[in-house]
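What follows is each chain in one-letter form.
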Amino acid sequence: MDVFTFLIDGLGTAMQPMNLMFALVGVMLGTAVGVMPGIGPALTVALLLPVSLSFGATGSMIMFAGIYYGGMYGGAISSILLNTPGETASIMTALEGNRMARRGVGGKALGAAAFGSFFGGMVGTLGLALVAPFMVMVALSFGTAEYFALMVLSFMTVSAAFGGSMSRGLTALFIGLTIGLVGTDKLTGQVRLAFGVPEMSDNISIAIVAVGLFAIGETMYLASQHINHKTKAQAVSGSVWLNWEDIKRCIKPYMRGAGLGFLFGPLPTGGAEIPTFLSYTTEKKLAKGQARKDFDEGRGAIEGVAGPEAANNASAAGTLIPLLTLGLPTSATAAMMLAGFQQYGLQPGPLLFTNSADLVWGLVASLFIANLMLVVLNVPLIGIWVRLLTIPRPWLYAGILTFATLGIVGAQGSAFALILLLGFGLIGFVMRRFGYPLAPALVGAILGPLAEEQLRRGLMINRGDWSFLVTSNIALTIYAIAFLSVFGPRLWALGRRQLVARRQES
Amino acid sequence: MSREDNKAAGETRLSPAETEPEIRLYGEDETGNGTGLRDLAGLVIAASLFGLALLIYSDAASYPVRRSYAQFGPEIFPFIIAAGIVVLACITAVTAWRGGFEARDKLNLAGLGWIVAAICAEILMLYSGTGFILASTVLFALAARAFGQTTHLLNFAIGATMSTLLFLLFRYALGLALPNGPLERAIDQLLR
Amino acid sequence: MKLFKVAALVSATLIAPAAMAQMSEMQIMAPAAPGGGWDQTARTIQATLQSEGLVSNIQVENVAGAGGTIGLQQFVNRSTGSPTATIVGGYVMVGAVIANASPVSLSDVTPLARLTGEYVVVVAAADSPINSADDLAAALNEDVGAVTWAGGSAGGVDHIAAGQFAAVAGVAPEEINYIPYAGGGEALAAILGGQVSVGVSGYSEFSAQIDAGALKVIGITAPERQDYLDAPTFIEQGYDIDVQNWRMIAAAPGISDDEKAALLDVITQMAESDTWNAELATKGWVNTFLAGDDFATYLEEEVVATTAILQDLGIAE
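Undergrad: So what's going on with the overall build of chain C? Residues and values would help.
TA: Within chain C, the regular secondary structure consists of 11 helices and 10 strands. Rg of the C-alpha trace for chain C: 21 Å, near the compact-globule value of 20 Å for 317 residues, within the 12% margin. C-alpha atoms of chain C, sized along the principal axes, occupy 75 × 40 × 30 Å. Looking at the 317 residues of chain C, the share that counts as buried comes to 52%. If you take every contact in chain C between residues at least 6 apart in sequence, the share linking residues at least 24 apart comes to 77%.

Below, the structure is given as structure tokens:
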């Protein structure tokens, strides 16, 4: 019961008016910055670290928690309304969310995202309070073989959910894998596909790829159509608020998404990407009835927003587990949080829970508060956000371009990034025009390098012996799940058909 | 609007492959709206994919051999990817030859050209040191033109206001340095 | 341009009181993305110089990429002759210039001072059979490939320290089975989980686990014992390795001796101030201040030594 005493103490601290104000400022700032593609919560926290020193440890932690959750939600806003995911965590949100916005129910998508973030954050934070030690054990028992198996699982399930044309989905995936190759190979220092351009000897930032393919490509695609852009878009049709029917549809995706996010958060595989990919594909696979129709007919299914949004916030709480207990940052934002701790002379690690329990629980409590603040502040604003779409299209898209280039130039500090952005924009344009899906390209660019690294690290540790891949039970279990998730439904259908045939015979 | 919806729908419409337990890889598996006409642009895509594969192969083949306990150097993954792209390029070529790509809307080259020009203008202006505000004002105005907004003065005015506000926010609230030009330095001098 | 001049005139009169500071303006380039080590160094310098009243107006500019060489190149191209332009950098840059075959190098800037440094530690999981530098050397000599090292990026300071140890222990550096991770933090899971033999990275990456007893220290690459760490140096165990991951500040090429002296004076006052040292203490950085000609000589030696070891490791030709 110690946990709850600590937690209630922590909540007491976080509820003080001054701290509530920090949470408020953080959430507002985070949302504002998160809307801008390319500039995510990690960068915002990094820039504000020096400023925050004067707020004291608790105050700045609460503000950072607010920025973090606000930033995640801001990413969802630009994904849903503008089809411009500026961060890897909200790529999957853009797929269904933007389709919903196009048919005038963007408000519902935003609502599903806000409550999903809240739910995922709550589940993740509770899990953090209750099962942190167990999750740490799991994370430590994972070696290269298990991580590689996880990558295989992600690749297989994501490719199975491409829909439409298999060959075009795979082509997009391979273009992504090629993008992932560019830059310095981490294991040998060999520079690949940079053609002597120093700016390309670093790996291409995923923000550039995402903003280029989605935002720039989309803008080019729209500009290349012979339609009168001055006709106003239908921004809102029907109520912007979620009704009971919508909420019922969201509950299961919330739970599955939060579960996936929390499980994957503590693993050092790059944070929120894999759980959001898996959540989206799970929802798409399991959809029935109206949801099935919404997914299949490209109307935009609310489940496809709810699941990934719950997953990315739950994974954010999950990443705190290895950070707080081992001092092991597993994502960019966790790394910034670590810097924040160090600023106050605290070293996250095995001793933090015993040495500074009050601060740890203060942080957990501030996550709760920031999460709550996010919903309280943003849900009433949804009606205003969707009005963004009523801006005349020429200015709306010119504005998106300005924001996108600002985010990229600001974060990279060089105009060269814009040349890459233009290049990816053109690729995105061609892909859209010829019906190639965009998401697999990003999946390939994110997962490809991770999979390669894990495989080659494993081979180095085992001195070139491939058998390590299949000697771990955990890895074998993951392969089995991967196989079943892709071929299971088909085998099931085949089996049933035979059964039916046999019955008819008899 | 409706045409756009159709387009979005076309992207993910289920092929028969998803409802029946088989995957078909080319030609027939396309969404069923194939034109049936030989598609030159599709063949160009196939050719570009071959080119990409060749590029990856020739780059990877040039890496010096490095000793490593993995027996798996930085060149192996590129080789695998290049091989995969060759296969996909062949499938694309067959699809295009058989007319498997859907019919496309007529291309508005002028609109596309304005967008590309807008981004190129921003890149050139940033490289030549005109600073962020001017460069992104031009970007905004040209991009608005791409969508048929010909109120040039108004476009520039909106773009300039927005860029200046964004510059102030980033420079002074976040301390992030955006590319400086004479205008930015002047603002800096005034405000400090 | 006219507007600019008018504005400059107006502001020059406005800020007259602030001209009490030794310098009215300064630019610091951080050749890395916001949040990284060099960026934090640049922003700490900015904050300290301003709060100490040494410089009244300071701007930090981030130009990320290629181990700092993109920023370095832009700095040399743009700022040559400018008496107020500075750049932050560090040991990683020495290797990056070589590995990326950069057209500009650290000899193209005017070195001012080394500011901070971090020593590298070699650690093992608490239940590892390796307990000392001798154990590690023996294991390497028995089967060099069986000893797996987890550390930071290939050719970085961690890799260099591992290579130097191998050389001193009598094994060819390029023979070691070094497994690069994105940073010491990511390598941590592999070390704690017992998947690799030893870990090698900056002290701060491992300090929490060392304090908690989850990791034991095989040795630290410092010239003498450090008061924050109760563990032997490699030198006292008979292995002559002195590596530190230092950070520095340099001025633009082509400035006069007076201009250089003015900058150095400001930086020296900063490095001796209480604000600076308090800030370093909270960040866990060690003040290894070394200024002027001593630092210039040190820098030259580091470039020569690093080139040699990178060749031994097979990173540079």
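Resuming the write-up.
Undergrad: Give a description of the overall build of chain B that names residues and reports values.
TA: Regarding its fold elements, chain B presents 8 helices and 0 strands. The order of α-helices and β-strands along chain B, N terminus first, is α-α-α-α-α-α-α-α.

Undergrad: Residue-level account of the packing of helix H11 (residues 273-286) of chain A against helix H13 (residues 303-326) of chain A, with values.
TA: A pair of packed helices is captured by two measures, namely the crossing angle of their axes and the spacing between those axes. All names here are of chain A. Two elements in contact, H11 and H13, have axes whose closest approach is 8 Å; the angle formed by their N-to-C orientations is 150°. Classed by the angle they form, the pair H11 and H13 counts as roughly antiparallel. Where H11 crosses over H13, the two elements pack in a sense that is right-handed. The residues of H13 that touch H11, namely those facing Pro275, Thr276, Ser279, Tyr280, Thr282, Glu283 and Lys284, are Glu303, Gly304, Gly307, Pro308, Ala311, Asn312 and Ser315. Along the lines of polarity and charge, the residues of the contact of H11 with H13 split into 4 nonpolar, 7 polar and 3 charged.

Undergrad: Mind laying out the nonpolar core, listing which residues take part and the relevant values?
TA: Membership of the largest hydrophobic core comes to 323 residues, with the highest contact counts inside it found for Leu442(A), Ala143(B) and Val198(C). A total of 15 residues in this core trace back to one element, the largest contributor, which is helix H4 (residues 56-82) of chain A.

Undergrad: Give a description of the packing of helix H5 (residues 91-102) of chain A against H13(A) that names residues and reports values.
TA: Residues and elements named next belong to chain A. In contact at an axis separation of 8 Å, H5 and H13 are set at 160° when each is read in the N-to-C sense. The pairing of H5 with H13 is recorded here as roughly antiparallel in orientation. The two elements H5 and H13 meet at a crossing, and its hand is left-handed. Each of Met92, Thr93, Leu95, Glu96 and Gly97 in H5 lies in contact with H13, whose residues at this interface are Gly304, Val305, Pro308 and Glu309. Grouping the constituent residues of the contact of H5 with H13 by class yields 4 nonpolar, 3 polar and 2 charged.

Undergrad: Residue-level account of the confidence of the model for chain B, with values.
TA: Residues and elements named next belong to chain B. The predicted model of chain B has a mean per-residue pLDDT of 80, with 80% of residues at 70 or higher. Confidence, expressed as mean pLDDT per element, reaches its minimum in chain B at helix H2 (residues 16-19) with 37 and its maximum at helix H3 (residues 40-61) with 94. Here residues 1-31 is a poorly scored stretch, pLDDT under 50, and it has 62 contacts once near neighbours within four places are set aside; other chains count.

Undergrad: Break down the domain arrangement of chain C for me, with residues and values.
TA: All names here are of chain C. Here the domain parsing of chain C yields domain 1 (16-117 + 247-312) and domain 2 (118-237). Summarising the inter-unit geometry, the C-alpha centres of domain 1 and domain 2 are found 29 Å apart. The interface of domain 1 with domain 2 comprises 12 residues on the first partner and 11 residues on the second. Elements represented by at least two residues in the side of domain 1 that touches domain 2 include exactly helix H4 (91-99) and helix H11 (292-312). Here the residues of the side of domain 1 that touches domain 2 are counted per class, giving 7 nonpolar, 4 polar and 1 charged.

Undergrad: So what's going on with H5(A)? Residues and values would help.
TA: Residue and element names in this part refer to chain A. The terminal C-alpha atoms of H5 lie 17 Å apart, and with 12 residues this matches the ideal 16 Å at 1.5 Å per residue to within 8%. Of all the 12 residues making up H5, 12 are buried; the element is thus mostly covered by neighbouring parts of the structure. Taken together, the buried positions of H5 are occupied by Ile91, Met92, Thr93, Ala94, Leu95, Glu96, Gly97, Asn98, Arg99, Met100, Ala101 and Arg102. Count one or two residues on from H5 and you reach Gly104, which has phi positive near 90°.

Undergrad: Now, about the pairing of strand S6 (residues 177-180) of chain C: what can you tell me, with residues and values included?
TA: Residues and elements named next belong to chain C. Alternating positions in S6 separate into two faces, Asn177 and Ile179 on one and Tyr178 and Pro180 on the other, with burial throughout. Strand direction decides the pairing type here: strand S5 (residues 148-151) and S6, joined by 4 bridges, are parallel. When the bridges of S6 are listed, Thr148 appears paired with Asn177.

Undergrad: Could you give me a rundown of the environment of Ala370(A), with the residues and numbers involved?
TA: Residues and elements named next belong to chain A. In this fold, Ala370 is placed in helix H16 (residues 357-378). Exposure remark for Ala370: the 28 C-beta atoms within 10 Å place this residue in the buried category. Measuring from C-alpha to C-alpha, the distance between Ala370 and Ala14 comes to 9.4 Å, with 356 residues separating the pair along the chain. When neighbours within four sequence positions are excluded, Ala370 is seen to be in contact with Ala23, Gly26, Val27, Ile62, Ala65, Gly66 and Tyr69.

Undergrad: Break down unusual backbone geometry for me, with residues and values.
TA: Not every positive phi belongs to a glycine, and Asn83(A) is a case in point at roughly 55°. Looking at the element boundaries, Asn83(A) is found in the loop between H4 and H5.

Undergrad: Report on the environment of Ala475(A), specifying residues and quantitative values.
TA: Residues and elements named next belong to chain A. Inspection of the secondary structure puts Ala475 in helix H21 (residues 473-505). What makes Ala475 buried here is the crowd of 22 C-beta atoms within 10 Å. Separated by 408 residues in sequence, Ala475 and Ile67 have C-alpha atoms that sit 36 Å apart. Dropping the residues within four chain positions of it, Ala475 is found in contact with Ala145, Glu146, Ala149, Leu469 and Val470.

The rules behind each value
Residues numbered from 1 in each chain as written. Chains lettered and ligands numbered in written order. Predicted model: local features only at pLDDT ≥ 70, side-chain atom pairs only at ≥ 80, totals over all residues. Helix = DSSP H or I, 4+ residues; strand = E, 2+ residues; numbered from the N terminus. Rg over C-alpha atoms; globule rule 2.2 N^0.38 Å. Buried ≥ 20, exposed ≤ 12 C-beta atoms within 10 Å, placed from the backbone. Contact = placed C-beta atoms within 7 Å. Axes fitted to C-alpha atoms, helices over the stretch in contact; angles between N-to-C directions. Parallel < 35°, antiparallel > 145°, perpendicular 65-115°, else oblique. Left-handed = near helix turned anticlockwise from the far one by under 90°. Nonpolar A, V, L, I, M, F, W, Y, C, P; charged D, E, K, R; others polar. Core = buried A, V, L, I, M, F, W, Y, C linked by C-beta atoms within 7 Å. pLDDT = per-residue confidence, 0-100. Domains from an automatic or database assignment. Expected span 1.5 Å × (residues − 1). Pairing = 2+ DSSP bridges.

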